[in-house]
Amino acid sequence: MRYISTRGEAPELEFDDVLLAGLARDGGLYVPDSWPRLGPEDWRALRGLPYAELAAKVMAPFLGGRVAEADFARMTAEAYAGFGHKAVAPLKQIDAALWLMELFHGPTLAFKDFALQIVGRLFDHVLAKREARVTIVGATSGDTGSAAIEACRDRARIDIFMLHPHGRVSDVQRRQMTTVLSANVHNIAIDGSFDDCQDLVKGLFNDLAFRDRVGLSAVNSINWARIAAQIVYYVHAALALGAPDRKVAFSVPTGNFGNIYAGYAARAMGLPIDFLICASNRNDILTRFFQTGEMRIGKVEPSLSPSMDIQVSSNAERLLFDLYDRDGRALAAAMREFRSSGLLALGPNLMQRARDVFVARHFDDAETVATMRDEYRLSGEVLDPHSAVGVAAARAVAHTSGVPVVALGAAHPAKFPDAVEKAIGKRPELPARLADLYQREERCMRLPNDLAALGEFILARARARGGKKTAA
Ligand SMILES: *Cc1c(COP(=O)(O)O)cnc(C)c1O
């Protein structure tokens, strides 16, 4: 399998190069040149496998033979052995046709661990083979950061620089990042929004000289390997609920569109997903897009679900690529226009294709809190505010469909104790392995929203240096 850029100008790459490159050199995102398709018998053969084995099988076609099967099976086994629940992604029924898939039993208590625990190991494996080093730079609105840091800490061939918007992530989220004192981990608080952080990262990547000099690489949700790893839990849940002989739907609390795009990819592989619910908070650019066909950038508004406080959802470009019939040049032009005017408009024909798969709903903070309170009363389930947005959307759509709906439990409630207390009147407890989080020492650098200052900061600290020693 080869990978192509959504903007049509970057070279085609194999899996291991896509893994290390992150963003394509033309500013696009890598996608497979075609979708692997599985038939009903193939899906049935995957039923009942332990999660790690399922992951090895489902991801295999995307590796394109570039990582040995036995090595990869060992990586998935190690990655999921560290999860705090034997089922890895337990599925809980919370209503007649509604399930919650708990994706928060990983080391940092959010679904990001599912992909990053694999991606960290893949990086290690590929870099060791190449005797190379990389500098990973990422932007986080909360959970990506801790999950990426946890996946990269103390790895000999990686330095990681993680940007977060100063004051806009929860205390637990910040501490999960800043209390990792490993020498190869650099936390940076930017005076700006998450979109500013993401723009800075894109700015670094678009500076090709800088990029080569420090062997720049990403583990943000633009990294294809993360998408591939997230496909697995859609398969896991669908098979458990009767696929391929029964259709299922998913409700996905959405920010950067990575998680829900993995559901789209699973559907493209032939998994019978009837529809995907794109659930947003008050930052409703995606809801408006699916309803009107116009993607119009607004202002980022802080909410109770900070990991979804986003206006520009990077991974939506992967969906747009398909809606544009995989015409990279046309999409590149549309994205340039979007950047300059703040508007991207799709005609009704293109939008119809999107609407065949996606339904979108958004909920403000008051509705989010009401959902957390109601769910606690109805099913005893304590939801974090992100998961609550997904459950609210599932409940708003489910009764009209007759298809079982799986709402993705995106984060452990203990990551957002204030919101939970507001909703149900008590604070959720952190799992034992994080119980002393508030006693641990923090380390973090605060920087202005300035590309040059950030570049200097990284240059002074990254160990990778040009030529043979870098990989990407
Ligand atoms: C990352 C994250 C999201 C958003 O997921 P995307 O893949 O960016 O759409 C939602 N909720 C939580 C808890 C997250 O960590």
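Just so it is clear, the model here is predicted, and its values are computed rather than measured.

Chemist: Just checking my understanding: could you explain the pairing of strand 10 (residues 273-280) for this structure?
Modeler: Of all the eight residues making up strand 10, seven are buried; the element is thus mostly covered by neighbouring parts of the structure. Sheet topology places strand 9 (residues 248-253) next to strand 10; five bridges connect them, and they run parallel. Its bridge partner lying in strand 10, Ser251 is registered against Ile277. By the bridge criterion, five bridges tie strand 10 to strand 13 (residues 358-362) in an arrangement that is parallel.

Chemist: What is the right way to read the environment of Arg288 from this model?
Modeler: Within the fold, Arg288 resides in helix 12 (residues 285-292). In sequence terms Arg288 and Arg361 are 73 residues apart; their C-alpha atoms lie 8.9 Å from each other. Residues contacting Arg288, with those up to four places away along its chain left out, are Gly293, Glu294, Arg296 and Gln311.

Chemist: How do you make sense of the sheet that holds strand 6 (residues 158-165) when you look at a structure like this?
Modeler: For sheets, the rule is that strands pair by backbone hydrogen bonds, running either parallel or antiparallel. The strand order 8-5-6-7-15 describes an open sheet built from five strands, whose pairing is parallel. What marks the edges here is a single partner per strand, and that holds for strand 8 (216-217) and strand 15 (445-447). In the sheet, strand 7 (residues 185-190) pairs with strand 15 via three bridges, with the strands oriented parallel. Paired with Ile188 across the two strands is Met445, which belongs to strand 15.

Chemist: Looking at this model, I keep getting lost on the packing of aromatic side chains. Mind explaining?
Modeler: What describes a pair of aromatic rings is the distance from one ring centre to the other and the angle between the planes of the rings. Inspection of the entire model under this criterion finds 20 aromatic pairs. A ring pair is formed by Tyr264 and Phe358, whose centres lie 6.0 Å apart and whose planes are at 20°; its orientation type is stacked. Placement of Tyr264 in helix 11 (residues 258-268) and of Phe358 in strand 13 is noted, with a sequence separation of 94 residues between them. Judged by its relative accessible area of 12%, Tyr264 falls in the buried class. Given a relative accessible area of 4%, Phe358 falls into the buried group.

Conventions and cut-offs
- Residues numbered from 1 in each chain as written.
- Predicted model: local features only at pLDDT ≥ 70, side-chain atom pairs only at ≥ 80, totals over all residues.
- Heavy atoms only, no water.
- Buried < 20%, exposed > 50% of the residue type's maximum accessible area, 1.4 Å probe, protein only.
- Helix = DSSP H or I, 4+ residues; strand = E, 2+ residues; numbered from the N terminus.
- Pairing = 2+ DSSP bridges.
- Contact = heavy atoms within 4.5 Å.
- Phe/Tyr/Trp six-rings, centres within 6.5 Å; stacked < 30°, edge-to-face > 60°.

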